[in-house]
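Chain by chain, the residues:
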Amino acid sequence: MFERLTIPQKGSRIQIKAGEPVVPDHVIVPFIEGDGIGPDITRSAQRVLNAALEKTYHGKKKIEWFEIFAGGKAQAVYGEPLPKDTVRAILEYKVAIKGPLTTPVGGGFRSLNVTLRQVLDLYACVRPVRYIAGSPSPVKEPQKMDVVIFRENTEDVYSGIEWPRGSREARALIGYLAKEYKVAIREDSGIGIKPISEYATKRLVRMAIRYALTHRRRSITLVHKGNIMKYTEGAFRDWGYEVAREEFFDVTISEEELYGTYNGRLPEGKVVIKDRLADSMFQQVLTRADEYDVIALPNLNGDYLSDACAAQVGGLGIAPGANIGDEVALFEATHGSAPKYAGQDKVNPSSLILSGAMMFEHLGWAEAANCVIEAMTRTIQSKQVTYDFHRQLEGATLLKCSEFAQAIVHHM
Ligand code: NAD
């Protein structure tokens, strides 16, 4: 079935039955080590994740790690950065985890991350952002933030539909718009196109609402710039409300109903659907972070807001993430491959470790996820940290990447 992969002898794969994953106790999980700091953080993350499973389930549930290749290692093994084997393995095994991949600048191929999201149709980028007590933060009350961001992953200005100034396509479009629609665009403009569809919006918001319901979250905020871009961002808001009304009418209420009918008290088993303009939202997450819970947004604003939120709780080094589709989920470190620290056993592995905890939740292994988060919290609170936190925390002990992982295991 695979050209050059060795399937583990033990363990079995996740099956999808009636749209739901059925997870075996001894599950095979493919992993991509990644480039740059990838090997360091992958080694540390697997150590912590294995230990959490052992501690929580005493051998009854465990992961059989299955190495698959992308990036530099794939180039060495297959002569190409994203071999078919890799895509096939993720599709077959349903859940995988990856380290960061380097995108060569001007090298002629698109980001491997973007390609993976597209070929696997991982339409939601999901990023939980919450404060791990003891982490350095630039804000006064970082503990107020506890949001889960659902960013649309497949369209918006990320569709790659754009042409440079003076190109045949740009000139043709400018001419066409002037002639047919009397729209004046300067001759020396580059042109980009921003498609946002009902289909992609609704499947994203549907996933966010389902998540909010199963995780007993209070609200979903649709973030958009609909006052300016009415038929893309504004439509995102309208379709978001529509999917709530049409498919979840008995479990969702509007903000007006919350205050008008329920006096501000959320009835049991319901979630509030609200919306905010993107510019205002950037203020809100700073000044009223605790009023937000699940957040759904289009691609570009989602990109900005997730990094801004992550910065409030300690930065990308500690922010987990996943790209999720209807059947397949790919968990990943949210930062890049930081090539200058490659092979130094130095960087913070928290992002990948917490992505692993997210993966545990996705598998239905919430106790093991809590075990990881609690042990990491105790480690950071005891000020045993890697260099990035060390320089911001007075009296802290500097640990290597692998030592930090060991300290987390010690705190379980
Ligand atoms: P980067 O995130 O790799 O690194 C920027 C800086 O952030 C580093 O120099 C380091 O100071 C810090 N940093 C990053 N991760 C850290 C960690 N775990 N612990 C402590 N400090 C950390 O961003 P970049 O330098 O812009 O990108 C490098 C490469 O990674 C590029 O090729 C880029 O395309 C790629 N990239 C990949 C992903 C991904 O795979 N998801 C995401 C972003 C960037």
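Everything discussed here concerns the structure shown above.
These numbers were taken from a predicted model, which means no experiment stands behind them. (Residues numbered from 1 in each chain as written. Predicted model: local features only at pLDDT ≥ 70, side-chain atom pairs only at ≥ 80, totals over all residues. Heavy atoms only, no water.)

A closer look at the overall build of the protein chain
In terms of regular secondary structure, the protein chain is built from 14 helices and 17 strands. Taken over the C-alpha trace, the protein chain has a radius of gyration of 22 Å; the compact-globule value for 412 residues is 22 Å, and the two agree within 12%. Dimensions of the protein chain along its principal axes, counting C-alpha atoms only, are 65 × 60 × 50 Å. Sorting the 412 residues of the protein chain into buried and exposed places 51% on the buried side. For the protein chain, restricting intrachain contacts to residue pairs at least 6 apart in sequence, the fraction spanning at least 24 positions comes to 72%. Here the protein chain has roughly 19,400 Å² of accessible surface; of this, 50% comes from carbon and sulfur atoms. Here the protein chain holds 51 positive side-chain charges and 51 negative ones, and the gap between their average locations is 2 Å. (Helix = DSSP H or I, 4+ residues; strand = E, 2+ residues; numbered from the N terminus. Rg over C-alpha atoms; globule rule 2.2 N^0.38 Å. Buried < 20%, exposed > 50% of the residue type's maximum accessible area, 1.4 Å probe, protein only. Contact = heavy atoms within 4.5 Å. Areas by Shrake-Rupley, 256 points an atom, 1.4 Å probe, with all protein chains shown as cover. Lys, Arg positive; Asp, Glu negative; His and termini not counted. Charge placed at Lys NZ, Arg CZ, Asp CG, Glu CD.)

Observations concerning the pairing of strand β3 (residues 26–32)
Across the seven residues of β3, seven count as buried, placing the element largely inside the fold. The side-chain alternation of β3 yields two buried faces, one formed by His-26, Ile-28, Pro-30 and Ile-32 and the other by Val-27, Val-29 and Phe-31. Bridge count between β3 and strand β4 (residues 62–68): seven bridges; the pairing is parallel. Opposite Ile-32, over in β4, you have Ile-68 as the bridge partner. Taking the sense of rotation as the criterion, the β-α-β connection linking β3, helix α1 (residues 38–57) and β4 turns out right-handed. By the bridge criterion, two bridges tie β3 to strand β5 (residues 95–98) in an arrangement that is parallel. (Pairing = 2+ DSSP bridges. Right-handed = clockwise from strand over helix to strand, strands pointing away.)

Quick notes on the sheet that holds β4
Taken in spatial order, the 11 strands of this open sheet run β4-β3-β5-β15-β14-β6-β7-β13-β10-β12-β11, and their pairing is mixed. On the outer flanks of this sheet lie β4 and β11 (252–254), each paired with one strand and no other. Taking each pair of neighbouring strands and ignoring which way they run, the sheet shows an average axis angle of 25°. Strand direction decides the pairing type here: strand β6 (residues 124–130) and strand β7 (residues 146–152), joined by seven bridges, are antiparallel. Residue pairing in the sheet places Ala-124 in a bridge with Glu-152 of β7. Here α1 sits on the sheet in contact with β3, β4 and β15 (329–333), set at roughly 160° to β4. Packing against the sheet, helix α4 (residues 112–119) makes contact with β5, β14 (320–324) and β15, and its axis sits at approximately 165° to β15. (Axes fitted to C-alpha atoms, helices over the stretch in contact; angles between N-to-C directions.)

Observations regarding the site of the ligand
The environment of the ligand is formed by 21 residues, the closest being Leu-101, Thr-103, Gly-336, Ala-338 and Asn-348. At a separation of 2.8 Å, an oxygen atom of the ligand approaches a polar backbone atom of Thr-103. Here a nitrogen atom of the ligand sits 3.2 Å away from a polar atom, N or O, in the side chain of His-335. In the complex, 67% of the free accessible area of the ligand, which totals 810 Å², lies under the protein chains. Breaking the shell around the ligand down by element, the ones donating at least two residues are β15 and α13 (387–390). Among the residues making up the shell around the ligand, the classes are represented as nine nonpolar, eight polar and four charged. (Near = heavy atom within 4 Å. Polar contact = N/O pair within 3.5 Å; in protein donor to acceptor, adjacent residues only side chain to side chain. Nonpolar A, V, L, I, M, F, W, Y, C, P; charged D, E, K, R; others polar.)

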